[in-house]
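Spelled out from the first residue to the last, the chains are:
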Amino acid sequence: MTLEAVFFDVDGTMAETEREGHRVAYNAAFAELGYPVHWDPELYGELLAVMGGKERIQHYWAQHPELPLLSDAQVERIHSVKARHFSELMEHGGIGLRVGVRRLLDELNERKIPVSIASTITLEGLDALLRHNLGAQWRDRFRFLGVGDVVPVKKPDPAIYRWLLEQHGVDPRSVVTLEDTRAGLLASVGAGIATLVTPSDYTRDQDFSEAACVASSLGDPGDPARWRLASGVEGSGLIDVGFLEKLIAN
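Residues numbered from 1 in each chain as written. Predicted model: local features only at pLDDT ≥ 70, side-chain atom pairs only at ≥ 80, totals over all residues. Heavy atoms only, no water.

Asker: Please explain the packing of aromatic side chains as it appears in this structure.
Answerer: To describe a pair of aromatic rings, one takes the distance between the centres and the angle between the planes. Tallying each qualifying case throughout the model produces 13 aromatic pairs. Taking the centre distance of 6.3 Å and the plane angle of 25° together, the rings of Tyr 26 and Phe 30 count as stacked. In this pair, Tyr 26 and Phe 30 are both assigned in helix α1 (residues 18-33), 4 residues apart and thus about one turn of the helix distant. Accessibility assignment for this pair places Tyr 26 and Phe 30 in one class, buried. A centroid spacing of 5.8 Å and a plane angle of 55° characterise the contact between Phe 30 and Trp 61, whose relative ring orientation is tilted. (Phe/Tyr/Trp six-rings, centres within 6.5 Å; stacked < 30°, edge-to-face > 60°. Helix = DSSP H or I, 4+ residues; strand = E, 2+ residues; numbered from the N terminus. Buried < 20%, exposed > 50% of the residue type's maximum accessible area, 1.4 Å probe, protein only.)

The following block contains the structure:
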């Protein structure tokens, strides 16, 4: 089986954007719009169990009946203002990519292996993150951008990955997905795709037993990843195209 595509999650997988990125942006949006809400790091970690920004806002409000009811339009407004604040954070200092992400993207590009995005991040936020890290022509690196509300249901439902498979026109057995959460893992394996998980700050204690491989990072020269395959074999080194090809061969 030839490796025909690689799908990347973004938040937590490509970059540690949650704690000092999205969380800060949500709080800035709440303050700007006059809502008496502040999400501290611990609370935000709990809220990440709800996939999707607008869904996260609605979930929190449902748990706090003392807050004024929100219409769908108000939820959209909060999410839109939050996206603007997130973009501003990326543009004024930004957040770097995780170890090995740039290296692997460069190798995939050189080998002409299509890469696509599967994330609930907004296009505006993705643009700010990747323009800061990959340059103004970052879109040239990706075949399809499965972002925001491109599908009506979020991970752990496999809809986003089934959508990407349809766009690429490939067999799921020829694809590898990179994720950092159990919800993302379940979405990917639910679409029949081998999944490599690099746990992030907020997800290190989650169950990744369905993953083809769990790695500390993707690794860089001088900073190798530590990895464990589903078979129990462990090792260290770089997660490169050859490594991904072995995942779909097993």
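After that view, the rundown keeps rolling.
Asker: Teacher, can you tell me more about the sheet that holds strand β1 (residues 5-8) here?
Answerer: Sheets are built from strands that pair by backbone hydrogen bonding, the pairs being arranged parallel or antiparallel. Ordered in space as β3-β2-β1-β4-β5-β6-β7-β8, the 8 strands form an open sheet in which the pairing is mixed. The open sheet is flanked by β3 (145-146) and β8 (234-237), the only strands paired with a single partner. One ladder, built from 3 bridges, connects strand β6 (residues 213-215) with strand β7 (residues 225-229); its direction is antiparallel. Bridging from a neighbouring strand, Ala 215 pairs with Trp 227 of β7. Its contacts with the sheet put helix α5 (residues 101-110) on β1, β2 (115-118) and β4 (175-179), and the angle it makes with β1 is roughly 150°. Packing against the sheet, helix α8 (residues 182-190) makes contact with β4 and β5 (194-197), and its axis sits at approximately 160° to β5. (Pairing = 2+ DSSP bridges. Contact = heavy atoms within 4.5 Å. Axes fitted to C-alpha atoms, helices over the stretch in contact; angles between N-to-C directions.)

Asker: How do you make sense of the pattern of salt bridges when you look at a structure like this?
Answerer: When the charged atoms of two side chains lie near each other, side chains of opposite charge can form a pair. Inspection of every chain in the model, using the stated rule, returns 21 salt bridges. Residue Arg 84 pairs with Glu 88 through a salt bridge whose shortest N-O separation is 3.9 Å. Of this pair, Arg 84 and Glu 88 both sit in helix α4 (residues 72-91), 4 residues apart, which is roughly one turn of that helix. Residue Arg 84 is classed as partly exposed on the basis of its relative accessible area of 30%. Overall, the relative accessible area of 32% leaves Glu 88 in the partly exposed class. With a closest N to O distance of 2.9 Å, Lys 154 and Asp 149 form a salt bridge. Overall, the relative accessible area of 14% leaves Lys 154 in the buried class. (Salt bridge = Lys/Arg side-chain N within 4 Å of Asp/Glu carboxyl O.)

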